[in-house]
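# Examination of the molecular architecture
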Amino acid sequence: MDPAYDHDPFFEPVIADRFERRLIADLAAGRCAAIRVPGFFSPDECALVLDALLKVEFATYGRQRVRPEVMRFGVGVSDYRKNGTISDDYWTAVDESRRAWDDLKLPFDPFELCRSRLGAELPQPVEVARHGGRPMGAGVAREPNQGFLVHFDDAQREFSGPFLDADIICQFAFNLYLSVPDEGGETVVWRHRWHPADDKHKPAGSYGFEESVVGDAESFHMRPRTGEAVLLDPRNFHAVRPSNGGRRIALGFSVSMTDTGQLLTWG
Ligand SMILES: O=C(O)CCC(=O)C(=O)O
Ligand SMILES: [Fe+2]
């Protein structure tokens, strides 16, 4: 194909030294595909959180849905979907997760620090989202050493009815990398959004698709560094490659932009 027709100039990761308000608007509007902020956490901040996490036991995501296995510390709502709504046991899991994170006795709340730095240039504070008046989970530490399959994340398709107590314009995925492998562990993003026919490439019960689903769509990959934060549009199909030589541990949460432009987070 003629290279001039090969690349969408809006389909790019942007590297910046902070989450500028203008870049968040670009991501929401589709003028870029990801924002990368190296050094979002200092080496000391990463080491504090990582050291604490290395002493505790991680759980796995639902083993039927998430194969190969992904380890996690904390709760993600995707494991608590029942008939298109949030199941009651999510709220118990959120309470337990909050206690488990408190028990790490960190000198700061890493999710709160992520929210305040993410929102530093925004007119409204970044807050944890509510559902039915109750605050949702703040986020999760995830360890996909064997990678994540090709998938997309879009709560308005995964859940029916109002998902948050706010009207949502768009959704982002936030990751802060605390530990990265020597090799592998790249995040790959394709310029492909879900189409009903894609489900032919989706094994029953799996969260992920076969890689054939993205065909020859344009893609880019990001090799995260320790301390880097990435905000991406998770409607673009994405995957994480398996790691080699080291654990890949990241703090993650979803972010919604409301109709007033406020960012709300949830895990
Ligand atoms: O770990 C990553 O780089 C991306 C994980 C992912 O699938 C997401 O944040 O939605
Ligand atoms: Fe994802």
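What counts and what doesn't
Residues numbered from 1 in each chain as written. Chains lettered and ligands numbered in written order. Predicted model: local features only at pLDDT ≥ 70, side-chain atom pairs only at ≥ 80, totals over all residues. Heavy atoms only, no water. Pairing = 2+ DSSP bridges. Helix = DSSP H or I, 4+ residues; strand = E, 2+ residues; numbered from the N terminus. Polar contact = N/O pair within 3.5 Å; in protein donor to acceptor, adjacent residues only side chain to side chain. Contact = heavy atoms within 4.5 Å. Donors = N, O, S within 2.8 Å, 3.2 Å for Na, K, Ca; no water. Disulfide = S-S within 2.5 Å. Buried < 20%, exposed > 50% of the residue type's maximum accessible area, 1.4 Å probe, protein only.

### Describing the pairing of strand β4 (residues 71–74)
Bridge analysis of strand β3 (residues 59–60) against β4 gives 2 bridges, and the strand direction is antiparallel. Across the sheet, residue Ala-59 finds its bridge partner in β4, namely Arg-72. When β4 meets strand β10 (residues 140–143), the two strands line up antiparallel, connected through 4 bridges. Bridging from a neighbouring strand, Met-71 pairs with Glu-143 of β10.

### Brief notes about the side chain of Glu-143
Counting through the fold element by element, Glu-143 comes out in strand β10. Here the side chain of Glu-143 touches Asn-145 through a polar contact of 2.7 Å, side chain to side chain. With sequence-adjacent residues up to four places away left out, Glu-143 is seen in contact with Phe-58, Val-70, Met-71, Arg-247, Arg-248 and Ile-249.

### Focus: the coordination of the iron ion (ligand 2)
On the protein side, the iron ion (ligand 2) has His-151 (NE2), Asp-153 (OD) and His-238 (NE2) as donor atoms, found 2.1 to 2.2 Å from it. Mapping the donors of the iron ion (ligand 2) onto the primary sequence yields the spacing H-x1-D-x84-H. Placement of the pair is His-151 in strand β11 (residues 148–151) and His-238 in strand β17 (residues 238–240), with a sequence separation of 87 residues.

### What to know about the state of the cysteines
Disulfide: a covalent bond connecting the sulfur atoms of a pair of cysteines. Taken as a whole, this structure holds 0 disulfides when the rule is applied. As a non-bridged cysteine, Cys-32 has Cys-170 as the owner of its nearest cysteine sulfur, 11 Å distant. For Cys-32, a relative accessible area of 5% puts it in the buried group. Of all cysteine sulfurs in the structure, the one in Cys-114 sits closest to Cys-46, which takes part in no disulfide; the separation is 9.4 Å. Given the relative accessible area of 2%, Cys-46 is considered buried.

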